[in-house]
Every structure is written in C-alpha cells, then in structure tokens.
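As a plain string of letters, each chain reads:
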Amino acid sequence: MTSSTQRRGAAMWALLSLAIGSFGIGMTEFVSMGLLPGIARDLLPSAWAASQEDAIAQAGLLISVYALGVVIGAPVLAGWLSRYPKHRVLIALASMLLLGNLLTVIAPTFETVAVARLIAGLPHGAYFGIAAVVAGEMLGPGNRAKGISFVMSGLTIANVVGVPLGTWLGQQAGWRVSYAVVVGIFALGALMIALLVPTMKADGSGSFRHELGIFRIGQVWLALGFGAIGFGSFFAIYSYIAPIMTDVAGAPEWAVPFALVATGLGMTVGNLVGGVVADRNLSGALISAFVLLAVGSAVVGVAAQNPVTLIVAMLLFGAISALAGPAIQSRLMDKSEGRVSIASALNHSGMNVGNSLGAALGGGVIALGWGYVAPAWLGIVLAVLGVGLVLVSLSLEKRAALVAA
C-alpha cells in the first residue's frame, strides 16, 4: 500500500467520523417533525384534549426553539473556538450535542424540554461549519463544495434511515426513546473524531472580535438572507409532514416514515449533485436551486391529497431542497475575507432561521384554519423571495466589480 493510498484511506475514515456527527444532528433536528403528535399528546395534554391542531402547532415551537439555538450558537461558538485546534473543537461540540439530547430525554415538562432543545441546538451550526472546513482541507483545492456535501451527507442519510426509524421507534416506544438513540450516536461520533480526525491548526487571528468582523460584510448578510427565506419554504412543509400525511392524504400513522424516507433519499441525491454543480457554477447553482424549490413546493401542494403521490412529491421536494446547501456555504466562505470557520457555521444559522421561520409561519397558517396544505403554498412565496435575494446579491457583486475595474 502506497503512502498516498494510506493518506486517502485515513482521510476517508476521518470524513466518516465527521459524517456520523452530522447523522446525529440530522436525526435530532428532523425526528421532531414526525413525532410532533406524540410530543403534543404527552407534554400538552390539556391543549391536546381541547384541539389537536392547536396542540400540534404549539409543539412545533420546539422546532423553532432548536433552530434559535443554532442561530445563536453558530457564530458565537465558531468565532470563539476558532483559536483552538479544530479536532479538539469538534470533540467538544459533539459532546455538547450529546448533553443537549440527554437533557431532552430526561426533561419532565414542555418548558424544560424547550430549554433542552435550545441547548441541543447551540453547537449544531458550529459543528457543521468547522467539520466542513476540515473536510475541504482534507480533500484539497477545487473540491471544497464536495467536502461540504460529504459532511452534509450524514444529515441527508439521517433522513433516509435515522429519522424514519426514529419516528417509528418513537411512535412505538415513546418519543423520548428516539432522542436516547441520538445520545448514543453522538457518543460514537465523539469517540471516532477523537481517534481519527488529524490535528489541524486554528483559523484566523485567534481574535473573537476579528471573527465577528464578518458581520460588517454586506454580501454575507445577503447570503444569510436568501438561505433563511429560501429554506423557510422547505421547513414550512417538512415540519408538518406527519399531519399532512395522516389528515390530508388519509394515510395511517405508520405511513409517515415512508414520506420521511422519500424526503431523505431525495435530499441525499440533491446534496451530492449540489456539491458538484456548485464547484462548477456557483451563481447558476444558487438561482436554479431556489427556482426549483418554488416548483417543488407547488408539486407537494397539488399531490397532498393522496399518500402515494405525496410520497413521490416529497422525494422530488427533498432532492430540490438540498441543492442549494453546498452553494450557499461556498458563497459565504468566498465572501468571508478569510473567516472560513465562522462563515461556514453561519450557513447553518441562516438555514435554521429558515427552519424557525418556516415552522412558525407554517404553524401560523394552520392555526388560522387554512388547513395542513397551506404551508405548501406558503413555501412557494418564501422560495420566490429567496430567488429575489440571490439576484440582488449577484447584481451588487457585478456592480462592485465594474466600479473596481
């Protein structure tokens, strides 16, 4: 075996350990959607007895709280921890994720579960951001988006395997059991990172203030904006896929995991395709991804009346929704002026603003009595707004280049 083959093998094992952590993140983030009815029934019994729709909408706030933790934690932790070696930071972040999910398992009330979900969300974005930087460095120049998509593949595979199995397990044995499984996954991920990820130097100047200077860059704010608004269309629908499947399509509760598997399969394919396309044409990848997201939202809305067509629509919608992830993260890193760790983490802040926004707005239109299909029509509006922000960002970039010339 040659030394280059050994290096490639070591790099793949290191990437696998990072992907296991992202698998755990994908499971803890998305399994909540399929378990919302059970969580609402257990933690909000009075509201459930009065109105199941209102109770499910209220339980959806747990999704928003988790997303809020991501939004807060990504820049703070990524900026603060940039002064430390990346492999040690990743071990610490995986351990924090383990702790947040352990608290979710043992928290007794809705309010304490909400606090636990906030804590679990804090390390989410920083973990993905720093793991993506490490993956990009290991794969070398010209392959950054592929490295990002490899790390993100753990999240998308979680939607194929972990989320459906976690949903089924939660329906059979109680929703807390699903989060207990997540605790075990993070324990494995932290151990593998400690053993397999090589030592790497810290980023930037080591100054937290320097890292936070990224917020003075206008293009960074625009990228965060179109990520948040655009991805809000995905989360508006996916957050309520369980009641859409059962109440609109008329399927039994055990059919919900099939919709989750279809979405996860689509996301896995879309993520890998998105990494390749973004390395070739970043601007084109951004525009096409958000246009297709509006189309996919409409397809879900039309297909929601039948369980078979809904599952097919969610397969397509999942693929479309994952296309933009590597492109947005690459653009943030391009515009960060060297602050790559915090820029990479901020992508997940933007996405989880979209998570919180989509879940909250989706719950709002449901609570207004517009029905469980209403989030799909809301998704079209949000995706179109995302397209508009992408075009504004590219136009300003072109104008700045002309002025400089």
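Residues numbered from 1 in each chain as written. Predicted model: local features only at pLDDT ≥ 70, side-chain atom pairs only at ≥ 80, totals over all residues. Heavy atoms only, no water.

1. Some points on the overall build of the protein
Quick reminder of the rule: In this description a helix means any DSSP run of H or I spanning at least four residues, a strand means any run of E spanning at least two, and both kinds are numbered starting from the N terminus. The globule rule used for comparison is 2.2 Å times the number of residues to the exponent 0.38, while the radius of gyration itself is calculated over C-alpha atoms. Calculation of accessible area relied on Shrake-Rupley with a 1.4 Å probe; when residues are assessed, cover is drawn exclusively from the protein chains displayed. The charged-residue count follows a simple rule in which Lys and Arg add positive charge and Asp and Glu add negative charge, with His and chain termini not counted at all. Charged side chains are reduced to one point each, which is NZ for Lys, CZ for Arg, CG for Asp and CD for Glu.
Helix and strand counts for the protein come out as 18 helices and 0 strands. At 20 Å, the protein has a C-alpha radius of gyration in line with the 22 Å of a compact globule built from 405 residues. Along the first, second and third principal axes, the C-alpha atoms of the protein reach 60 × 45 × 45 Å. For the protein, the exposed surface amounts to about 15,200 Å²; the carbon and sulfur share of it is 70%. In the protein, 19 side chains carry a positive charge and 14 a negative one; their mean positions are 14 Å apart.

2. Things to note about helix α14 (residues 282-303)
Note that an α-helix has 3.6 residues per turn; residues three or four places apart therefore point the same way. Which entries qualify depends on this criterion: Here the expected length of a helix is defined as 1.5 Å per residue gap, with one fewer gap than residues. Here, two residues are considered to be in contact whenever any of their heavy atoms come within 4.5 Å of each other. Think of a polar contact as two N or O atoms within 3.5 Å of one another; within protein, one of them needs to be a possible hydrogen donor and the other a possible acceptor, and neighboring residues in sequence only count if both atoms come from side chains.
With 22 residues, α14 should cover 32 Å at 1.5 Å per step; its first-to-last C-alpha distance of 31 Å lies within 8% of that length. Where α14 is buried, its residues touch α11 (218-238), α13 (256-280), α15 (307-322), α16 (324-334) and α18 (374-404). The opening residue of α14 is asparagine 281, an N-cap whose side-chain oxygen sits 3.0 Å from the backbone nitrogen of glycine 284.

3. A word on the confidence of the model for the protein
Convention followed: Predictor confidence is given residue by residue as pLDDT, running from a minimum of 0 to a maximum of 100.
Counting all residues, the mean pLDDT for the protein is 84, and 94% of those residues have values of 70 or more. Confidence, expressed as mean pLDDT per element, reaches its minimum in the protein at helix α10 (residues 208-212) with 77 and its maximum at helix α6 (residues 110-121) with 94.

4. Some remarks on the side chain of threonine 268
Note that threonine 268 resides in helix α13. Of the polar contacts made by the side chain of threonine 268, one reaches the backbone oxygen of glycine 264; its length is 2.9 Å.

5. Considering the nonpolar core
Note on soluble globular proteins: their nonpolar side chains tend to be buried together. Basically, it comes down to this: Buried Ala, Val, Leu, Ile, Met, Phe, Trp, Tyr and Cys residues form a nonpolar core when they are joined through side-chain atoms within 4.5 Å. Only protein chains enter the accessibility calculation, which uses a 1.4 Å probe; a residue whose area is less than 20% of its type maximum is buried, one above 50% is exposed, and one in between is partly exposed.
In this structure, Leu18, Tyr127, Tyr238 and Leu310 are the most contacted members of the largest nonpolar core, which totals 125 residues. Here the element with the most residues in this core is helix α1 (residues 3-43); it accounts for 16 residues. Not counting chain neighbours up to four residues away, the residues in contact with tyrosine 238 comprise Phe30, Met33, Asn159, Val163, Leu260, Thr263 and Met314.

6. Brief notes about the packing of aromatic side chains
What counts here: Think of it this way: a Phe, Tyr or Trp ring, Trp meaning its six-membered ring, pairs with another when their centres are within 6.5 Å, and the plane angle makes it stacked under 30 degrees, edge-to-face over 60, tilted otherwise.
By the definition in use, this model includes 13 aromatic pairs. Look at phenylalanine 30 and tyrosine 238: their rings are 5.4 Å apart centre to centre, the planes differ by 70°, and that puts the pair in the edge-to-face class. You can see phenylalanine 30 sitting in helix α1 and its partner tyrosine 238 sitting in helix α11, a full 208 residues away along the chain. Among the residues examined, phenylalanine 30 registers a relative accessible area of 3% and is labelled buried. Through pairs of rings, three or more aromatic residues link up here, namely Phe30, Phe234, Phe235, Tyr238 and Phe317.

7. Here's the deal with a nonpolar patch on the surface
The cut-off we apply is this: Patch construction takes residues with relative accessible area above 30% that form no salt bridge. Like charges are linked within 9 Å, and nonpolar side chains (Val, Leu, Ile, Met, Phe, Trp, Tyr) are linked within 5 Å. Only one rule defines a salt bridge in this text: a Lys or Arg side-chain nitrogen within 4 Å of an Asp or Glu carboxyl oxygen.
A surface patch of nonpolar side chains, about 510 Å² in accessible area, is lined by Trp13, Leu16, Leu191, Leu195 and Leu196. Of all the secondary structure elements, the ones that give two or more residues to the nonpolar patch are α1 and α9 (175-196). Ranked by residues supplied to the nonpolar patch, first place goes to α9 with 3 residues. Inspection of the secondary structure puts leucine 196 in helix α9.

8. Quick look at the pattern of salt bridges
One pass over the full model with this rule turns up 2 salt bridges. Glutamate 397 is the salt-bridge partner of arginine 331, the closest N and O atoms lying 3.5 Å from each other. Of this pair, arginine 331 sits in helix α16 while glutamate 397 sits in helix α18, and the two are 66 residues apart along the sequence. Across the pair lysine 335 and glutamate 397 runs a salt bridge whose closest N-O atoms are separated by 2.4 Å. Of this pair, lysine 335 sits in the loop between α16 and α17 (340-370) while glutamate 397 sits in helix α18; the two residues are 62 residues apart in sequence, bridging distant segments of the chain.

9. Concerning the packing of α13 against α15
The angle between the axes and the distance between the axes are what describe a pair of packed helices. Counted only if it meets this: All axes are obtained by fitting lines to C-alpha atoms, using only the stretch in contact for helices, and the reported angles, taken between N-to-C directions, cover 0 to 180 degrees. For a crossing to be left-handed, the near helix must be turned anticlockwise from the far one by less than a right angle; the clockwise case is right-handed. Residues are grouped as follows: nonpolar covers Ala, Val, Leu, Ile, Met, Phe, Trp, Tyr, Cys and Pro; charged covers Asp, Glu, Lys and Arg; every other residue, Gly included, is treated as polar.
At a closest axis distance of 6 Å, the pairing of α13 and α15 adopts a crossing angle of 30°. Of the two possible hands of crossing, α13 and α15 adopt the one that is right-handed. Here Phe258, Ala259, Ala262, Thr263, Leu265, Gly266, Met267, Gly270 and Asn271 of α13 come into contact with α15, specifically with Ile311, Met314, Leu315, Gly318, Ala319, Ser321 and Ala322. Considered class by class, the residues forming the contact of α13 with α15 number 10 nonpolar, 6 polar and no charged.

10. Comments concerning the environment of tryptophan 48
Topologically, tryptophan 48 is positioned in helix α2 (residues 45-50). Since its relative accessible area comes to 16%, tryptophan 48 is described here as buried. As a C-alpha pair, tryptophan 48 and glutamine 58 span 10 residues in sequence and 9.9 Å in three-dimensional space. In contact with tryptophan 48, other than residues within four places in its own chain, are Pro37, Ala40, Arg41, Ala55 and Ile56.

11. Section: the side chain of serine 64
Here serine 64 shows up in helix α4 (residues 61-81). Classification of serine 64 as buried rests on a relative accessible area of 10%.

12. Let's talk about the environment of serine 17
Topologically, serine 17 is positioned in helix α1. Considered as a pair, serine 17 and proline 75 are 58 residues apart in the sequence and their alpha carbons are 23 Å apart. Not counting the four nearest positions on each side in its chain, serine 17 is found in contact with Tyr127, Met192, Ile193, Leu196 and Val197.

13. Side note on the packing of α11 against α15
Just so we agree on the cut-off: Each angle is binned into one of four classes, with values under 35 degrees roughly parallel, values over 145 roughly antiparallel, values of 65 to 115 roughly perpendicular, and all other values oblique.
Look at α11 against α15: their axes get within 11 Å of each other, and the N-to-C directions meet at 150°. With respect to their mutual orientation, α11 and α15 come out roughly antiparallel. At the point where α11 passes α15, the crossing takes the left-handed sense. Note on element contacts: α15 touches α11 through Met314, Phe317 and Ser321, opposite Phe231, Ser233, Phe234, Ile237 and Tyr238. Each residue belonging to the contact of α11 with α15 can be placed in one class, and the counts come to 6 nonpolar, 2 polar and no charged.

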